[in-house]
Amino acid sequence: KWIDPEGKEVSQDSRMYTEVQAEDVAISLFIKRLSDEDAGLYRCTAVYAGNMDLEASVSVSIFLGITWLDAPQEQFAKVDTDHKIRCKVQANPAANIDWLKESVVISSGDRYVIETDGLVIKSVRKADGGTYTCRARVPHTGELEERDIQLDVQEPPSCMIKPFDVE
């Protein structure tokens, strides 16, 4: 029989079940729609010749490909304010995030702050508009994904000629 990571016998339902392989004298474990909660150590136990306990185990790890959770491809910033370009990514193992603007790597400094869920631009200028690339890398698996985000910098209207009273 198969024992799950919580020490309970694997329940027989439509998502997780066991199947006896008579020709191989084995019992297989099947898990459909794998999720993070399924990770852990599964043990297969048996009794051989009526009196000898046998056990084997397998560790199940869950890998989740890079998924864009909150990274709209068109975003808007207002001149003279601090603005965060949103780029929230989920992956397991976790992804490292890099930023580029017009193919030039951005690093944290006076005007830019790289956060886990985006890039903060301090005191936005018109010149900050353009294409930013949020690059997610998972060194452990070698996975790499990029998302181009177009930042449109908006300037509120202002009066060119001050209004004045006329009679």
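Structure shown above.
Quick summary incoming for the structure in this document. (Residues numbered from 1 in each chain as written. Predicted model: local features only at pLDDT ≥ 70, side-chain atom pairs only at ≥ 80, totals over all residues. Heavy atoms only, no water.)

With that settled, consider the environment of Ser28. The residue Ser28 is located in strand E3 (residues 26-31) in this model. Here the alpha-carbon distance between Ser28 and Val104, two residues 76 residues apart in the chain, equals 51 Å. Once residues lying within four places of it in the same chain are set aside, the contact partners of Ser28 are Trp2, Tyr17, Thr18, Glu19 and Gln21. (Helix = DSSP H or I, 4+ residues; strand = E, 2+ residues; numbered from the N terminus. Contact = heavy atoms within 4.5 Å.)

This brings us to the sheet that holds strand E15 (residues 143-154). Through backbone hydrogen bonds, the strands of a sheet pair up, either in parallel or in antiparallel fashion. Spatial strand order, E7-E15-E14-E10-E11: 5 strands in an open sheet with mixed pairing. Edge positions in the sheet fall to strand E7 (74-78) and strand E11 (104-106), since each of these pairs with one other strand and no more. Across the sheet, the mean angle from the axis of one strand to that of its neighbour is 35°, orientation sign disregarded. (Pairing = 2+ DSSP bridges. Axes fitted to C-alpha atoms, helices over the stretch in contact; angles between N-to-C directions.)

Summed over the entire model, instances satisfying the criterion amount to 9 salt bridges. The residue Asp128 makes a salt bridge to Arg111 at a minimum N-O spacing of 2.6 Å. Taken together, the residues Asp128 in the loop between strand E13 (118-121) and strand E14 (130-138) and Arg111 in the loop between E11 and strand E12 (112-115) connect sequence positions 17 residues apart. For Asp128, a relative accessible area of 4% gives the class buried. When its relative accessible area of 17% is taken as the criterion, Arg111 is described as buried. (Salt bridge = Lys/Arg side-chain N within 4 Å of Asp/Glu carboxyl O. Buried < 20%, exposed > 50% of the residue type's maximum accessible area, 1.4 Å probe, protein only.)

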